[in-house]
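Each chain, letter by letter, is given below.
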Amino acid sequence: MFKRLRLVLLLSSVAVAQNSSPPASKPNFDGQSWWCYVKVLAADDMEGRETGSAGLRRAEAYIVEQLRKDGLQPAGVHGFYQPVKFISRRIDEPNSRLALVRAGWTEPLVLGQDALFSTRVPLAPEVDAPLTFVGYGLRVPEEKYDDYAGLDLKGKVVVLILGSPAGMPGPIADHYQSPEQMFQTLRDVGAVGVIMVLNPAAMDTTWERIAMRRTAATMSLADPKLSPARGIQLSVMFNPATAQKLFQGTGHSFEEIAALAKDRKPMPHFPLNASVQARTRVIEAPVESENIVAKLPGSSPTLKDQYVVLSSHIDHLGIGAPIHGHAIYNGAMDNASGCALNLDIADELHRTHAKLDRSVLFVFVTAEEKGLLGSEYFAAYPTVPRHSMVANINTDMFLPILPLKVLTVYGLAESTLGDEVTRIAQANGVEAQPDPEPLRNAFIRSDQYSFVRIGVPALVMQVGFKPGSPEENTAHKWLSERYHAPADNLQQPVDLQAAAKFEDIVEELTVKVANDPQPPSWKSDSFFRRFLQQPDPAGMPLEVYEDDCP
Ligand SMILES: [Zn+2]
């Protein structure tokens with residue numbers, strides 16, 4: 001899962017009740033075959049599968065070998081592979097600095113302690129700009145909500161706290177907090193940059209752990225059409241523990257702002273009593289990596305050219321700062337687990353000669369951890385016609401560390417896929433529930449969102465828990481101890497039965513969607529339906545790209 005730091009508050013969830021319960025089908029999976037794939041993909045010799053690394057190439061070669069064995073057809077650009085070009089950027093911190101300037105007096109900030117530069121934006125070498133606090137920094141026309149209204153932000157850097165006001169539906173807040181939308185809003189108001197203060201009530205991980213990776217390379221797609229941050233000169237993340245420095249002399253305190261954000265209350269907006277002074281040196285390098293695309297052909301003459309897309313990201317964080325002496329970030333759950341599931345399903349569908357009217361497209365994407373970049377590229381340059389993809393079922397870190405009694409379905413209420421999976425889960429003795437923590441923005445935090453943005457109904461699911469249950473503690477403990485840490489390795493406890501049942505549900509959903517005469521559709525009131533009308537949100541060509549891919 002891609003780490004985008006957002007407000008975390010625990011909201012109670014509404015369970016989705018269903019009356020009809022179709023007969024349960026016999027289980028196909030045992031969890032063992034799944035775990036065998038995980039063991040290969042998350043082994044130390046895959047070196048944490050960093051985008052562009054030899055370790056990721058080895059993991060990809062293994063996946064291709066399995067797909068071949070399973071008799072799947074190559075559906076990439078060069079065989080199973082779709083090459084993707086990136087630019088990696090790393091901050092040269094000793095040659096960079098950041099300061100606040102007040103009435104000619106300069107207060108240097110300590111990089112790593114107070115703040116850090118985000119190199120996902122092509123940082124300008126020199127930025128000097130006044131600062132304005134813009135609350136949550138959201139502009140949401142359909143909610144008639146605008147943190148930028150009436151403010152003159154031309155040439156300024158905005159300061160915001162991550163979060164959203166109470167009452168704003170989760171998917172809408174998610175969408176407008178995405179980098180694409182945020183940078184678009186900044187361009188619209190003429191701002192040149194942003195300082196994002198983390199919300200202390202809402203951190204997935206500690207500031208120290210975030211800061212530890214601050215000099216690691218970030219990546220962007222090399223294709224200029226796919227660069228959301230164009231025109232933005234500065235992006236800084238600020239430590240809430242020292243954020244009071246930003247608010248000095250304004251009559252407001254960060255304590256007050258944090259308290260409002262915690263309760264999702266309305267925010268004040270005001271100019272800060274300071275300008276930011278940033279001097280940066282960034283080291284750039286080209287990187288190449290690949291998506292993998294494979295096809296299991298359907299048999300219906302009228303439907304076989306349509307695809308149910310099963311996706312999962314292969315990349316993880318590579319080798320990084322050691323924690324408890326371990327420097328390889330194995331990414332067993334994130335996301336060897338999802339790739340293993342899709343390999344296992346490909347094998348099972350092929351071995352049992354499952355009847356499929358539509359074809360199933362297996363897409364293993366790269367660079368998810370860099371900001372959903374591999375899937376974004378695939379969505380911009382799909383290797384099958386864009387409108388032939390009828391559904392996307394993405395699997396990312398589905399966390400079979402608890403018994404599978406509750407299935408959390410991100411995107412449950414958005415499309416008819418949610419109704420299907422609710423029925424299938426129930427037939428397996430599992431209750432489907434919507435996202436119990438909508439403010440973690442999980443629906444836009446993995447690769448399904450790239451498909452959503454081109455109009456494809458999509459889901460991502462996880463082994464869930466009820467708010468307040470002991471399972472919730474187990475899941476939260478996993479996030480704080482293992483998520484994006486070397487401890488997400490092969491030495492952690494997993495529940496093979498939960499994994500097996502989860503696979504049964506994904507497989508049944510896949511087969512159902514592949515054989516249903518009607519393709520899935522967005523609900524009439526779904527926010528994401530808009531992308532059907534605007535199937536080309538990034539101004540990308542609609543044609544299928546073959547060998548002339550940029
Ligand atoms: Zn991740």
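Peer 1: Give a detailed account of the pairing of strand E13 (residues 270-279), specifying residues and quantitative values.
Peer 2: Within E13, seven of the ten residues are buried, which leaves it mostly tucked inside the rest of the structure. Where strand E3 (residues 97-102) and E13 come together, five bridges link them in antiparallel fashion. Counted as the bridge partner of Leu 100 is Val 276 from E13. Of the strand pairs in this sheet, strand E6 (residues 126-133) and E13 are connected by seven bridges, and their pairing is antiparallel. When the bridges of E13 are listed, Thr 132 appears paired with Pro 271.

Peer 1: I'd love a proper account of the packing of helix H10 (residues 416-427) against helix H13 (residues 496-515), names of residues and values included.
Peer 2: The geometry of H10 relative to H13 is characterised by a closest axis approach of 10 Å and an angle of 130° between their N-to-C directions. Between H10 and H13, the angle is such that the two are oblique. Pair H10 / H13 crosses with right-handed handedness. Contacts between H10 and H13 involve Leu 417, Glu 420, Val 421, Ile 424 and Ala 425 from the first element and Ile 505, Glu 508, Leu 509, Lys 512 and Val 513 from the second. Its residues assigned to classes, the contact of H10 with H13 comprises seven nonpolar, no polar and three charged.

Peer 1: Before we move on, can you summarise helix H2 (residues 54-69) with the specific residues and values?
Peer 2: Relative to the 22 Å expected for 16 residues at 1.5 Å per residue, H2 spans 23 Å between its end C-alpha atoms, a close match to the ideal helical length. Within H2, the full set of buried residues consists of Gly 55, Leu 56, Ala 59, Glu 60, Tyr 62, Ile 63, Val 64, Gln 66 and Leu 67. Looking one or two residues past H2, Gly 71 carries a phi angle of roughly 75°, positive in sign.

Peer 1: Tell me about the packing of helix H1 (residues 32-41) against helix H8 (residues 332-351), and name the residues and values.
Peer 2: Direction vectors running N to C along H1 and H8 enclose 130°, while the axes themselves pass 8 Å from each other. The pairing of H1 with H8 is recorded here as oblique in orientation. Considering only the axes of H1 and H8, their crossing is right-handed. Mapping the contact onto sequence places Ser 33, Trp 34, Trp 35, Tyr 37, Val 38 and Leu 41 in H1 and Ala 332, Met 333, Ala 336, Ser 337, Cys 339, Ala 340, Leu 341, Leu 343, Asp 344 and Asp 347 in H8. Of the residues in the contact of H1 with H8, the class split is twelve nonpolar, two polar and two charged.

Peer 1: Can you explain H13? Please cite residues and give values.
Peer 2: Compared with an ideal rise of 1.5 Å per residue, which puts 20 residues at 28 Å, H13 spans 28 Å between its outermost C-alpha atoms and is within 8% of the ideal. Capping the start of H13 is the job of one residue whose side-chain oxygen sits 3.1 Å from the backbone nitrogen of Gln 497: Asp 495.

Peer 1: How would you sum up the nonpolar core? Please name residues and give values.
Peer 2: Among the nonpolar cores identified, the biggest contains 79 residues, and Leu 131 and Leu 246 are the most heavily contacted of them. The residues touching Leu 131, leaving out its near neighbours within four places in the chain, are Leu 100, Val 157, Val 159, Ile 195, Leu 246, Pro 271, Leu 272, Ala 274, Ser 275 and Val 276. One finds Ala 336, Val 421, Val 430 and Ala 498 within the second-largest nonpolar core, a separate group that totals 71 residues.

Peer 1: Tell me what's going on with the sheet that holds strand E10 (residues 193-197), and back it up with residues and numbers.
Peer 2: Ordered by their spatial adjacency, eight strands build an open sheet running E4-E3-E13-E6-E9-E10-E12-E5, and the pairing between neighbours is mixed. Because the sheet does not close on itself, it has two edges, and the strands there are strand E4 (105-108) and strand E5 (115-117). Adjacent strand axes in the sheet meet at a mean angle of 30°, parallel and antiparallel pairs treated alike. Bridge analysis of E5 against strand E12 (residues 234-238) gives three bridges, and the strand direction is antiparallel. Bridge pairing links Leu 116 to Met 237 in E12. Relative to E10, helix H4 (residues 179-189) is tilted by about 130°, and along the sheet it contacts strand E9 (157-161) and E10. Contacts from helix H7 (residues 254-262) reach E6, E9, E10 and E13, with the element oriented near 55° to E9.

Peer 1: Could you give an account of the packing of aromatic side chains, with specific residues and numbers?
Peer 2: Tallied over the full model, the rule gives 15 aromatic pairs. Taking 6.0 Å as the distance between ring centres and 50° as the angle between the ring planes, the aromatic pair formed by Phe 378 and Phe 451 counts as tilted. With Phe 378 in helix H9 (residues 373-380) and Phe 451 in helix H11 (residues 448-452), this residue pair connects regions lying 73 residues apart in the sequence. One exposure class covers both Phe 378 and Phe 451, and it is buried. An angle of 25° between the planes, with centres 4.3 Å apart, marks the rings of Phe 398 and Phe 502 as stacked. Here Phe 398 is found in the loop between strand E19 (389-394) and strand E20 (406-410), whereas its partner Phe 502 is found in helix H13, with 104 residues between them in sequence. Phe 398 sits in the buried class, given a relative accessible area of 0%. Through a chain of ring-to-ring contacts, three or more aromatic side chains come together here, namely Tyr 176, Phe 443, Tyr 449, Trp 522, Phe 527 and Phe 528.

Peer 1: Talk me through the pattern of salt bridges; I want residue IDs and the actual numbers.
Peer 2: Evaluation of the coordinates by the stated rule reveals 22 salt bridges. Between Asp 128 and Arg 279 there is a salt bridge, with its nearest N and O atoms 3.0 Å apart. Residue Asp 128 is located in strand E6, and its partner Arg 279 is located in strand E13; the two are separated by 151 residues in the primary sequence. Connected through salt bridges with shared partners, the residues Glu 420, Arg 423, Lys 512 and Asp 516 form a single ionic network.

Peer 1: So what's going on with the confidence of the model for the chain? Which residues, and what values?
Peer 2: Fine structural detail should not be taken from predicted coordinates in areas where pLDDT scores are low. When the pLDDT values of the chain are averaged, the result is 90; 91% of them are 70 or greater. Low pLDDT, under 50, characterises residues 4-24; the predicted model gives this stretch 65 contacts beyond four residues in sequence or across chains. For residues 535-550, every residue scores under 50 in pLDDT, and the model assigns this stretch 32 contacts once sequence neighbours within four places are set aside.

Peer 1: A description of the environment of Lys 355 should follow, citing residues and the corresponding values.
Peer 2: Mapped onto the secondary structure, Lys 355 falls in the loop between H8 and strand E18 (359-365). With a relative accessible area of 52%, Lys 355 lands in the exposed category. When the C-alpha positions of Lys 355 and Ala 514 are compared, they lie 8.9 Å apart, and in sequence the two are 159 residues distant. Residues within four places of Lys 355 in sequence aside, it is in contact with Val 511 and Asn 515.

Peer 1: Can you lay out the pairing of E20 for me, pointing to particular residues and giving the numbers?
Peer 2: Within E20, five of the five residues are buried, which leaves it mostly tucked inside the rest of the structure. Neither face of E20 is exposed, since Val 406, Thr 408 and Tyr 410 on one face and Leu 407 and Val 409 on the opposite face are all buried. Pairing of E20 with strand E21 (residues 431-433) involves three bridges; the strand directions are parallel. Counted as the bridge partner of Val 406 is Glu 431 from E21. Examined bridge by bridge, E20 and strand E22 (residues 458-463) share four bridges and lie antiparallel to one another. Bridging from a neighbouring strand, Thr 408 pairs with Gln 462 of E22.

Definitions and cut-offs
Residue numbers run consecutively from 1 along every chain, following the written order of its sequence. Where local features are concerned, this predicted model is filtered to residues with pLDDT of at least 70; where side-chain atom pairs are given and counted, the filter is 80 or more; whole-chain, interface and lining totals use all residues. Working from all heavy atoms in the structure, the side-chain values ignore hydrogens and water. The buried label goes to any residue with under 20% of its type's maximum accessible area, the exposed label to any with over 50%, and the partly exposed label to all in between, with areas taken from a 1.4 Å probe on protein chains only. Starting at the N terminus, helices and strands are each numbered in turn, a helix being any DSSP run of H or I of at least four residues and a strand any DSSP run of E of at least two. When DSSP locates at least two bridges between a pair of strands, those strands are taken to pair. Angles run from 0 to 180 degrees between N-to-C directions of axes, and those axes are lines fitted to C-alpha atoms, restricted for helices to the stretch in contact. An angle below 35 degrees is read as roughly parallel, one above 145 as roughly antiparallel, one from 65 to 115 as roughly perpendicular, and any other as oblique. Note on convention: near helix rotated counterclockwise from far helix by under a right angle means a left-handed crossing. Clockwise means right-handed. Residue contacts follow a heavy-atom distance rule, with two residues in contact if any of their heavy atoms lie within 4.5 Å. Residue classes follow a fixed rule: Ala, Val, Leu, Ile, Met, Phe, Trp, Tyr, Cys and Pro count as nonpolar, while Asp, Glu, Lys and Arg count as charged, and any other residue, Gly among them, counts as polar. Here the expected length of a helix is defined as 1.5 Å per residue gap, with one fewer gap than residues. For this analysis, a polar contact is any N or O atom pair within 3.5 Å, provided that within protein one partner can donate a hydrogen and the other can accept it, and provided that sequence-adjacent residues contribute only side-chain to side-chain pairs. To define a nonpolar core, start from buried Ala, Val, Leu, Ile, Met, Phe, Trp, Tyr and Cys residues and group those joined through side-chain atoms within 4.5 Å. A pair of Phe, Tyr and Trp rings is counted when the ring centres sit within 6.5 Å of each other, with Trp represented by its six-membered ring. The angle between the planes then sorts it: under 30 degrees is stacked, over 60 is edge-to-face, the rest tilted. Salt-bridge detection follows one rule: a side-chain nitrogen of Lys or Arg within 4 Å of a carboxyl oxygen of Asp or Glu. pLDDT gives the predictor's per-residue confidence on a scale running from 0 to 100.

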